[in-house]
Amino acid sequence: MPQSRKSQISLSDTPFYHCVSRCVRRSFLCGVDHYSGQNYEHRRAWVEERLLFLSSVFAIDICAYAVMSNHVHVVLHVNVDKALNWSNKQVLALWHTLYKGTLLTQRFMRDDELTKSEMHTLADTIAVYRQRLHDISWLMRNLNEHIAREANKEDECTGRFWEGRFKSQALLDNRALLACMAYVDLNPIRTKIATTPENSHHTSIQKRIHALKTNQHPPHTLLPFVGNPRQNMPKGISFSLKDYCELVDITGRVIREDKQGHIATTQPAILQRLGLSDAQWLTLTTEFEQHFCYAVGSEHLMRNFSLHTQHQKIRGLGKAKLLLKSA
């Protein structure tokens, strides 16, 4: 039975989540539909552009994404503090980039004079909008509805384009986060639509590698890597971008049908810091969705998440014991 969204998202346990949306009908989201022969490759750009635009509106950062033929992967970071620190006018300005709002919100933004009762009503409305602007469900809803409308218009049809619900997995520690990001970034290579991370179009890893090669700052639309944990850490992912790109490249080179996954020389230092063997890492980055459902992390973190979200049983505890032992 499908779980309610509140039983899949617990911000007290983690701000990081892996979300997947899949198409419901046979025709592809992107790429070439082998049944009809029609090319939908241009739709990848629709999804990527909309996703990056939404990250500038919502208080939700993008860690990784990959736009595939009939589904979209995205790893998100919910930044509640950012939403809470927005002024009322900032909240309304952001909301109005997506929706019309109400007559009261429009009047407030025009600096019209409002009565005391109108101000009370306005305050309630702003509180609702502020909450929605750091709500994963609202971001995914806006992404999916926009793409569905554009695709239906192009296909000259009506009806559902996506499955009814997107899949959500809580990423409870850094190991789960990095393994999931690598799993997402390597999707095009595993499905043979790209040969290297840098030519994996419409992915976050391509954007990050381009920034690294050109010695530029990472795209502001992606949550940055900020180096190893230390005092006064800036907001971001607690690892080096260079280490992560090297790790993704090494992992991608050993995922081959004719070769058992094995890192032939020495293990990357980053794996030692994560407390993972090469075999554990390859299992995580190739079978991430297969072994875990609503949450990923060490056993005790998954049990805590289960209590907070009132799950009687949560899939993946056995694999967590083997792959993600408490550090």
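Residues numbered from 1 in each chain as written. Predicted model: local features only at pLDDT ≥ 70, side-chain atom pairs only at ≥ 80, totals over all residues. Heavy atoms only, no water.

- The protein chain goes by Transposase in an unreviewed UniProt entry, where it is assigned to Paraglaciecola aquimarina.

1. Let's talk about the sheet that holds strand β5 (residues 295-296)
- Here five strands make up an open sheet; going across it, the order is β2-β3-β1-β4-β5 and the pairing mixed. Both outer strands of the open sheet, β2 (60-67) and β5, are each paired with one neighbouring strand and no more.
- With seven bridges joining them, strand β1 (residues 16-22) and strand β3 (residues 71-78) adopt antiparallel strand pairing. Within β3, the position partnered with histidine 18 by the bridge is valine 75.
- Running over the sheet, helix α1 (residues 43-57) touches β2 and β3 and is turned about 170° from β2.
- The strands touched by helix α7 (residues 174-185) are β1, β2, β3, β4 (167-171) and β5; relative to β2, the strand with the most contacts, the crossing angle is about 35°. (Pairing = 2+ DSSP bridges. Helix = DSSP H or I, 4+ residues; strand = E, 2+ residues; numbered from the N terminus. Contact = heavy atoms within 4.5 Å. Axes fitted to C-alpha atoms, helices over the stretch in contact; angles between N-to-C directions.)

2. Description of the pairing of β4
- For β4, a buried count of four out of five residues is recorded, marking the element as mostly surrounded by other parts of the structure.
- The pairing of β1 with β4 spans four bridges and is antiparallel. Directly across from valine 20, in β4, lies its bridge partner lysine 167.
- Note: β4 against β5, two bridges, orientation parallel. By the bridge assignment for β5, alanine 170 is matched with alanine 295. (Buried < 20%, exposed > 50% of the residue type's maximum accessible area, 1.4 Å probe, protein only.)

3. Looking at the confidence of the model for the protein chain
- Taken as a whole, the protein chain shows an average pLDDT of 80; of its residues, 77% reach a score of 70 or greater.
- Across the protein chain, the element-wise mean pLDDT spans from 61 in helix α11 (residues 269-274) up to 97 in helix α3 (residues 88-96).
- For residues 261-266, every residue scores under 50 in pLDDT, and the model assigns this stretch nine contacts once sequence neighbours within four places are set aside. (pLDDT = per-residue confidence, 0-100.)

4. Observations regarding the pairing of β3
- Burial analysis of β3 places eight of its eight residues in the buried class, which makes it a mostly covered element.
- Alignment of β2 against β3, held across seven bridges, turns out to be antiparallel. Each bridged residue has a counterpart across the sheet, and for aspartate 61 the counterpart in β3 is histidine 77.
- With antiparallel pairing between neighbouring strands as the criterion, β2 and β3 make up a hairpin whose turn holds three residues.

5. So, the side chain of glutamate 48
- Within the fold, glutamate 48 resides in helix α1.
- Although glutamate 48 lies buried, it forms no salt bridge, and the closest oppositely charged side chain, lysine 207, sits 4.4 Å away as judged by the N-O distance.
- If we ignore the near neighbours within four places in the chain, the residues touching glutamate 48 are Tyr65, Val67, His202, Thr203 and Lys207. (Lys, Arg positive; Asp, Glu negative; His and termini not counted. Salt bridge = Lys/Arg side-chain N within 4 Å of Asp/Glu carboxyl O.)

6. Concerning helix α9 (residues 204-213)
- Turning to α9, its buried residues number three or more, namely Ser204, Ile205, Gln206, Arg208, Ile209 and Ala211.
- At its buried positions, α9 is contacted by β2, α7 and α10 (241-254).
- The N-cap of α9, judged by a side-chain oxygen 3.3 Å from the amide nitrogen of glutamine 206 a few residues on, is threonine 203. (Polar contact = N/O pair within 3.5 Å; in protein donor to acceptor, adjacent residues only side chain to side chain.)

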